[in-house]
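Analysis of the macromolecular model
Chain by chain, the residues:
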Amino acid sequence: MEALQSSFISTTPFQTPYPNPFRKPPKKPKKNRRTTVIFCSAPADRWSLSDGNPNNPKPKSQKPLNEVSEDKARCINKAKAQQLSELRRKQGPRAQNPKWIKRAPEQMVRYIEDDRNGHMYGKHVVAAIQRVRSLSGKPDGAYNMREVMGSFVAKLTFNEMCIVLKEQKGWRQVRDFFAWMKLQLSYRPSVIVYTIILRMYGQVGKIKLAEQTFLEMLETGCEPDEVACGTMLCAYARWGRHKAMLAFYSAVEERGIMLPIAVFNFMLSSLQKKSLHGSVTELWKQMVDKGVVTNHFTYTVVISSLVKGGFSEEAFRTFNEMKNLGFVPEEVTYSLLISLSCKTGKKDEALRLYEDMRSVGIVASNYTCASLLNLHYKSGDYSKAVSLFAYMERNKIAADEVIHGLLIRIYGKLGLYEDARRTFEEVGKLGLLSSEKTYIAMAQVHLNSGDFEKALSTMEQMRSRNIWLSRFGFIVLLQCYIKKEDLASCEVAYEALSKTGPPDTISCNNMLNLYMRRGLTEKAKDFVVLIRKDKVEFDEELLRNVLKIYCVEGMLGDVEQLIEEMRHKELFNSKFIQTFNIAMQGESRRPIKAEDNLEQLDQHESLAFELILILHLACDNSVKTEETLELLLKTVNGSSVASQLVSKLVKEGDIMKAESLYKLLIEQGCIPEHVASNSLISFYGKQQKPKQAREVFEMAANSPVNAILLCNSVIDAYVKGGQLEAAYSFYKEVSEGGHDLGAIGISKLVNALINGGKYREAENVIYCSFHDNLVLDTVAYNTFIKAMLQAGKLHEAASIYEHMLSLGVIPSLKTYSIMISVHGRGRNLGKAVEMFNMAKSMGLSLDERVYRNLISCYGKAGKVHEASLLFSEMQGVGIKPGKVIYNTMMSMYATAGLYSEAEEVFQAMQKDGCLPDSLTYRDLVLAFTKGLKFSEAEQAIISMQQRGISASCAHFNLVLSAFAQSGLMMEAKRVYGELIAAGLRPDLTCCRTMLRGYMDYGHVEEGISLLESLRGSMEPDRFIMSAAVHFYKSAGMELRAEEILNSMNSMGIPFLKNLEVELKTKAP
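Remember, it's a predicted structure, so these values are computed and weren't measured experimentally. (Residues numbered from 1 in each chain as written. Predicted model: local features only at pLDDT ≥ 70, side-chain atom pairs only at ≥ 80, totals over all residues. Heavy atoms only, no water.)

Side note on the overall build of the chain
- Along the backbone of the chain there are 55 helices and zero strands.
- Relative to its full complement of 1068 residues, the chain shows a buried share of 46%.
- Within the chain, contacts between residues separated by at least 24 positions form 63% of all contacts whose residues are at least 6 apart in sequence.
- Surface summary for the chain: the accessible area is close to 56200 Å², and the carbon and sulfur share equals 52%. (Helix = DSSP H or I, 4+ residues; strand = E, 2+ residues; numbered from the N terminus. Buried < 20%, exposed > 50% of the residue type's maximum accessible area, 1.4 Å probe, protein only. Contact = heavy atoms within 4.5 Å. Areas by Shrake-Rupley, 256 points an atom, 1.4 Å probe, with all protein chains shown as cover.)

Written as structure tokens, this is what we have:
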């Protein structure tokens, strides 16, 4: 560009040495305008012939040719081109060249002489083109253009030399041929020639040569036109010389040269590619001011730069102007404006653009779809997102990773976690999984579903693929560790996050909450110091958490310092800070109102008072605590706030502060709400401090509202502390005092007494309730009936049911279920069936418990067939059996010896997903032994052990008893040995079974051997000792028998005389 500084880039107008009749006369220069004359600086060298022979000088021309100006030459060329075009149009659309051209005789002679034969160029021109092109394979300086072109001297006209120059492919050949061309007699300086050279230099990036050529053109007196200037500008633009381009354009603009729109488009496009959107905007304004006729491409480039440069309003105005001119915007233009509208939150504008784009038949790109999906995701309009997905599928718009990531997020918001996981896996299979955002979206979905392990696994998967975590990535990773409560990993992740800049308030809050949940108060305080040192910008939630730590720890100075720091920030104007400041300053800062009361406190204002009270309690400042409490009680809901604080302190285990605040409330003449008194009473009950519980009750029981609730609380405290006697005594006391516990309190007391085995006391409570005509609900009557059932007082249970009906209390399904159990235990099957049918007739939806109770009644009555039918009916109505009812059916079939049916139930139970337990296997073994299927019974025990369920003596005893009753004492002895090998110690039942078998089948020696092995290891038992006497007498060991008999007499154990050792026949 420096080469042009002396001439073209100046305020001097171009000088035209050749007159041009087609140009308008130049306008007179304005006054006071600088005018400078440009002189050619080329030296007058002697010319030599162009054949390369320096000895023959070039003669001066005697008759100089009439010079043709550049403009006239261009006009001639354009006219010729238009003539050829017109001829082609007249011959039809498929014509390539004119078929018939009418020529004058002299034209035909010239046509034949130049030997074109219909070709574009003559043979000598083609030969010249090929001769020059052949030099491209030779290095620079390896040839002499004069010698190469010696045979073409005086054979090429000026136009033909221009053709040869234009057809060259290499810039060196253009340079050298132009140097030869200038030596020819037919050569004359022309802007067309220089334009050809400028275009070639511009295409290969030889900007310095292009500038030198342009300067040479000026020095030869050729005036650059819009084509030459445009070519130079395009060269600058092509190779990113934007500073030089804009300077050159300024010079062109000063000289009033109107450039073609193609040049402007090239300049705009080049500036935009380098993100020089400000320059694009400035150039666009100049084009508008000049009235340049723009086209579709111009608007596309300009709108793009306006959007990217932040000129949104101007972009939309230009877009509307483009449409008004009849241009149809491209998809990329719509996409940019839709994306801009989405980012600025203009949802309606984005949707309008989208519909406008579809109306003109433009199919949206995946980038546009991604912008709209993100808009729908943020606005929560998932139905439109689904509609957009359907549109993409119809138009076969390929979803990229961004769209898949948005789909994962939408699935996560809708709770479709499995669909989100499946989409993530599909993205991986397609090979599109490369962005951190997709991994983080999936990790957040896992976090929302509560599966932090999978979230961490997703983050680890991302790191294993060498995808570096961004700041947001570290935030999500920290959230994963917070959910896992992995403190060490949390601290590492937080430190990594801090290196990316000041941590966000959410992460700080999460860390503080984790420290407080772990009870790490000192670490929490150190963390607060750290975030204040890092100048983390507090939000209201973080400020509340920090103040809570300070207040709990009694750090008054830090509280005052922090509030003072907040005073000059916008956060200080929040309700929480204002209330906190008022409460901390006390009465002097309280707002003055006519009613002398504060308004009702909201949640944050209540918390502010709570924190101040906790602060003064921690500092043991009773005066300040009393002042704050007094101020709090002047609010509408102050008593409730203080009561809730007492309850909170009790739950946190700070009982001293709770007691102190509770007493202050009483001293202020405020009866605490039930929640405060109940918390203290419950605490004292668990600590087995009934005296303190009674004190709290007496302080707060003056309120009629609290009386009943507190009575129940005291009873609950006694029950939870296991002091049933105290609970019963308290009940009698408050009943005598005229307090009514209510149906709920009575139910809880009766249920606790029954569970604790206090049947008499429970019965007293029940009948006292009837005597006092207490209004009881269905739940209370159910509790009473169940209490009598557990106490074995079936008649009383039935009487309570009748009393319930007589008072018009409607029974519930549970009532009928309990009554079925009552009648079942009383062997009154008819009444049990009646209760079942009554429940059905009431339209109640029967549950498994009702069916199970009646099936159990059938089983106890030996009605196996009826029980089976009822079980099938239950399954038919859609009630899925549980383990308890399966065990009930197993027990019934086992008792009846129906081993096939028992085995079928056992298999069905496992198919329904109910795993058999020890009781199930016991019933299965019993069923097999009843059916004399001994091997199947033993196999059931082995299967049970293989499943990890320990077999007990009861399981083995069933097999022992079966073998003993069948006289198979050798098999019984083998099973007995397996019992001991299994690590079990034979219980009394097993020993009795073995001894009974030995006695029945006359196995005296085996019986005595067993007795000797049991000697000293068993508690004295009447049957075993009596059997020992009989065995020893049968073996003739009278002294040993007498010794055992005397021992029985001394211990007061009666002797079984009816036992005898006999020899029965074995079972077949």
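Looking at the packing of aromatic side chains
- Applying the stated criterion to the full structure yields 24 aromatic pairs.
- Between Tyr249 and Phe264 the ring centres are 5.9 Å apart and the planes differ by 80 degrees, which places this aromatic pair in the edge-to-face class. Separated by 15 residues along the polypeptide, Tyr249 in helix 10 (residues 242-254) and Phe264 in helix 11 (residues 261-273) bring together distant segments of the chain. Like Tyr249, the residue Phe264 is buried in the burial classification.
- Through successive ring pairs, a cluster of aromatic residues spans Phe158, Phe178, Tyr187 and Tyr194.
- Over the face of the ring belonging to Phe158 we find Arg188, whose NZ or CZ atom lies 4.2 Å from the ring centre.
- The side chain of Arg544 reaches across the aromatic face of Phe576, ending 6.0 Å from its centre. (Phe/Tyr/Trp six-rings, centres within 6.5 Å; stacked < 30°, edge-to-face > 60°. Lys NZ or Arg CZ within 6 Å of the ring centre and 35° of its normal.)

Notes on helix 15 (residues 331-343)
- Relative to the 18 Å expected for 13 residues at 1.5 Å per residue, helix 15 spans 18 Å between its end C-alpha atoms, a close match to the ideal helical length.
- If you follow the buried residues of helix 15, they end up packed against helix 13 (296-308), helix 14 (312-324), helix 16 (347-359) and helix 17 (366-379).
- After helix 15 finishes, the residue Gly345 shows a positive phi value of roughly 80 degrees. (Expected span 1.5 Å × (residues − 1).)

Focus: unusual backbone geometry
- A positive phi angle is found at Ala154, which is not glycine, with a value near 65 degrees.
- One can find Ala154 in the loop between helix 4 (145-148) and helix 5 (158-166).
- Relative accessible area serves as the criterion here: at 76%, Ala154 is assigned to the exposed category.
- The phi dihedral of Ser275 is positive, around 60 degrees, even though this residue is not glycine.
- Along the chain, Ser275 falls in the loop between helix 11 and helix 12 (277-290).

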